[in-house]
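Chain by chain, the residues:
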Amino acid sequence: MPDGASAWSLSGPFGGELWQCHGGRFTSVETAGDRIALPTDAVTSDRLRLRGSRCAHPGPFPLAFRFCPECGAALADPPPVPASASWSPPFGAADGLPEIREPRSPDPGSSEEVPLPDELSLALAVAGTPPMLLACDPGGGRIAAWSEAAASWTPRATVAPCLELPRRGWAASADADGLALPTDGGPVWIDLRRPRAAPVVIGERAIPLGGAAVLRGRTMMPVRGPDGMAMAVLDRAAGRWSAVPVPGSPPTRPCVFSAPVVAAGMAFWSGPDGLLTAWHGLDGLCIGWEPWANGVHPFIDTRPVLERTGQPHLLARLDARTLGFANLCVPPEPRPAAGYMLGSGRAVFREGVRMRLPWDDQGLADYPLPDDRFLLPLLGMGDGRYVLAVCGGRDRLGGFVGDPMADASGSEHLCTLVWSAGPRRLEPLGCVLRARTPSDLSMVIHDGWLYAYGALDHRCHRWRLLDA
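The following paragraphs examine the structure supplied in this document. Just so it is clear, the model here is predicted, and its values are computed rather than measured.

When helices and strands are counted, the protein chain shows two helices and 39 strands. The globule rule puts the C-alpha radius of gyration for 468 residues at 23 Å, and the 24 Å found for the protein chain is close to it. Projected onto the principal axes, the alpha-carbon positions of the protein chain cover approximately 85 × 55 × 40 Å. Split into buried and exposed, the 468 residues of the protein chain put 54% on the buried side. Counting contacts in the protein chain only where the partners sit at least 6 residues apart, residues at least 24 apart contribute 48% of the total. Looking at the protein chain as shown, the accessible area adds up to about 19400 Å², and 51% of this sits on carbon and sulfur atoms. Charge-centre separation for the protein chain: the mean point of 43 positive side chains lies 2 Å from the mean point of 49 negative side chains.

If you want it as C-alpha cells, here you go:
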C-alpha cells in the first residue's frame, strides 16, 4: 500500500467500486451512488462484504482482496451473502397469509433470544437486495437493520411516525427493492437497493387507512385525502406516489382496515363497514368498494382462510347465534361456520382440530390439547407442517378473534410456540409469548433462521432451519 494518496478501481457486490487510499489504509469507497467513509457501520460492512485483517495491518479491505497488500497474510473471509429466500409478514411468498413452501424445519435445540431496539411494539420485515432483516417502529418512524456479525441493530432510515393506525392495520410492503409503509405524513417508499443510502419517496400528506400491499409489482396503500377515500399508488421508476379515488366509498366517516391480503389475483383490505378491493383489469388498475351485506360483522382481527380454489374467506358474525364466512372475491350469501376458525392460508384450525374445509364440521386431524387450550396457526410451511401457538383461555377465544358479541375482549393469552411435523405431533420450541389478538404474534424467515416476535412482551426468538 502506498504511503501517499491513491485510488483503486475494483469489482464488488454492487458493481464497480472506487477505493481511496491514504496513509497506507483505505479511507473511503464509492459504489452504486454511495460514498462511504471507512470504517463504517456493521450493516454496511456486511452488505459490502468487507474483509478484516488477520495481521497487524488495519482494515477493512475490499472483497476483491484475498491477502494483505502490506505483508501478504491471508485476509479474513468475507461475510456470507444472505439467502434470498425469505418470508416477511404480512407479505412475502404467502401474499399476506402465513403460508409458504419451506422444506426445512426449525431446530428446537437452536433456540435463542435476539436483542431488540429499545422502541416498543416493533414490526419485523425482510426487504432489500441483498435482503436485510428490518425492525420497523411505527410509533417513532425509525427503521433499523440487523447485523449478524455484530449481533446488533443499525439505523437505516427515519420517517414520520404512524399513530393513526392500530397495530392490526399497520403493514409494510417488503420486497427485493425496498419497503413501503404508512405514516401520518402520507405513504412512504424506502429504496433499499444501495449499500447504505436509503432514499425515501413521500406521497402527498394523507391520513393512512391501512397498510401497503404489492399486486403484480405495483405498490398501493389506502388513504383518506381531502376529497374522500383514495388509493395511493407508487410509480417506482418515476419515484412518486399518485392518488386514485375510490368510487362509491363512504364520503365522510373514516374507516380503518385490517392488514391487506393478496389472493386470487386481487388485493383486499377488510374494514368494519366494507371491503376495499384492487385488481388489474384490461384498462389497468381497478379499485372497488363494497359495503358488507346487512347483518355481516367481519372479524377484522383475524386473517382470511383460503378455499381450495384459492378464494379468501373471512370469518364474520351473521347474527347473535350464527358465525359464517364472507367470500372476499364475490359477495354471495356467507357460508355458515362451525365455530371460531383460525387459518394459515389453506389450513384451517378450530380450537384443537384441523378442518378439511373452512365451513366443514368434519375434522381432518386432531391435536391433543388440554380442555382450556386452543391452537393459533402462525406459519404453514407445507406438507402438513406448521408453527403453532398453544394458547390458554379457550373460554375467551371469541374476544381473541374479535367477535363483537364476545366477552373478555382484550384479555391476555399465554401462547406456547410449538412445531408440528404432522397430525398429533406438537414439539415445544421453548418460547412462551403473550397475545391479546392474533396480530400480536408474527413470524419471519431470514437467512436460514425462523424468527418469532411477540409485540406485548417485546421479545424476539429464533431457531435455525435445518434440512429435513
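Let us now look at the side chain of Ser28. With respect to the helices, strands and loops of the structure, Ser28 is situated in strand β3 (residues 25-31). Polar contacts involving the side chain of Ser28 include one to the side chain of Arg35, which spans 3.5 Å. Setting aside its immediate chain neighbours within four residues, Ser28 contacts Leu18, Trp19, Gln20, Arg35, Ile36, Ala37 and Leu38.

Further remarks concern the packing of aromatic side chains. Across all of its chains, the model carries twelve aromatic pairs by this definition. When the centroid spacing of 5.2 Å and the interplanar angle of 70° are considered together, the rings of Trp19 and Phe26 count as edge-to-face. Each of the two residues, Trp19 as well as Phe26, counts as buried. Judged by centre distance (6.5 Å) and plane angle (75°), the ring pair of Phe325 and Trp359 falls under edge-to-face.

Right, let's get into the sheet that holds strand β9 (residues 142-147). Strand order in the open sheet formed by four strands is β7-β8-β9-β10, and the pairing between neighbours is antiparallel. Of all strands in the sheet, those bounded by a partner on one side alone are β7 (123-127) and β10 (152-158). Taken over all neighbouring pairs, the strand axes of this sheet differ in orientation by 35° on average, direction set aside. Across four bridges, strand β8 (residues 132-137) lies against β9 in antiparallel orientation. Across the sheet, residue Leu134 finds its bridge partner in β9, namely Ala145.

On to the pairing of strand β2 (residues 15-22), then. One face of the sheet, then the other: side chains in a regular strand alternate in exactly this way. As paired strands, strand β1 (residues 6-12) and β2 are joined by seven bridges and run antiparallel to one another. Within β2, the residue paired with Ser9 across the bridge is Leu18. Taking the residues between adjacent antiparallel strands as the criterion, β1 and β2 are bridged by two residues. Across five bridges, β2 lies against β3 in antiparallel orientation. Its bridge partner lying in β3, Gln20 is registered against Ser28. Where β2 hands over to β3, the hairpin turn is made up of two residues, of which Gly23 adopts a positive phi near 65°.

With respect to topology, four strands assemble into an open sheet ordered β33-β34-β35-β36, the strand pairing being antiparallel. This sheet does not close on itself; its edge strands, each paired only once, are β33 (373-380) and β36 (425-435). Taken pair by pair, the neighbouring strands of this sheet meet at an average axis angle of 30°, ignoring direction. Pairing of β33 with strand β34 (residues 386-392) involves seven bridges; the strand directions are antiparallel. When the sheet's bridge partners are listed, Leu375 is paired in β34 with Val390.

Moving on to the pattern of salt bridges. Applying the stated criterion across every chain, the model contains 20 salt bridges. Salt-bridge contacts for Arg462 lead to Glu148; the nearest nitrogen and oxygen are separated by 2.8 Å. Taken together, the positions of Arg462 in strand β39 (residues 459-466) and Glu148 in the loop between β9 and β10 put the pair 314 residues apart, joining distant regions of the chain. With a relative accessible area of 4%, Arg462 lands in the buried category. Where salt bridges share partners, they join Asp175, Asp177, Asp191, Arg193 and Arg236 into one cluster.

Calculation rules
- Residues numbered from 1 in each chain as written.
- Predicted model: local features only at pLDDT ≥ 70, side-chain atom pairs only at ≥ 80, totals over all residues.
- Heavy atoms only, no water.
- Helix = DSSP H or I, 4+ residues; strand = E, 2+ residues; numbered from the N terminus.
- Rg over C-alpha atoms; globule rule 2.2 N^0.38 Å.
- Buried < 20%, exposed > 50% of the residue type's maximum accessible area, 1.4 Å probe, protein only.
- Contact = heavy atoms within 4.5 Å.
- Areas by Shrake-Rupley, 256 points an atom, 1.4 Å probe, with all protein chains shown as cover.
- Lys, Arg positive; Asp, Glu negative; His and termini not counted.
- Charge placed at Lys NZ, Arg CZ, Asp CG, Glu CD.
- Polar contact = N/O pair within 3.5 Å; in protein donor to acceptor, adjacent residues only side chain to side chain.
- Phe/Tyr/Trp six-rings, centres within 6.5 Å; stacked < 30°, edge-to-face > 60°.
- Pairing = 2+ DSSP bridges.
- Axes fitted to C-alpha atoms, helices over the stretch in contact; angles between N-to-C directions.
- Salt bridge = Lys/Arg side-chain N within 4 Å of Asp/Glu carboxyl O.

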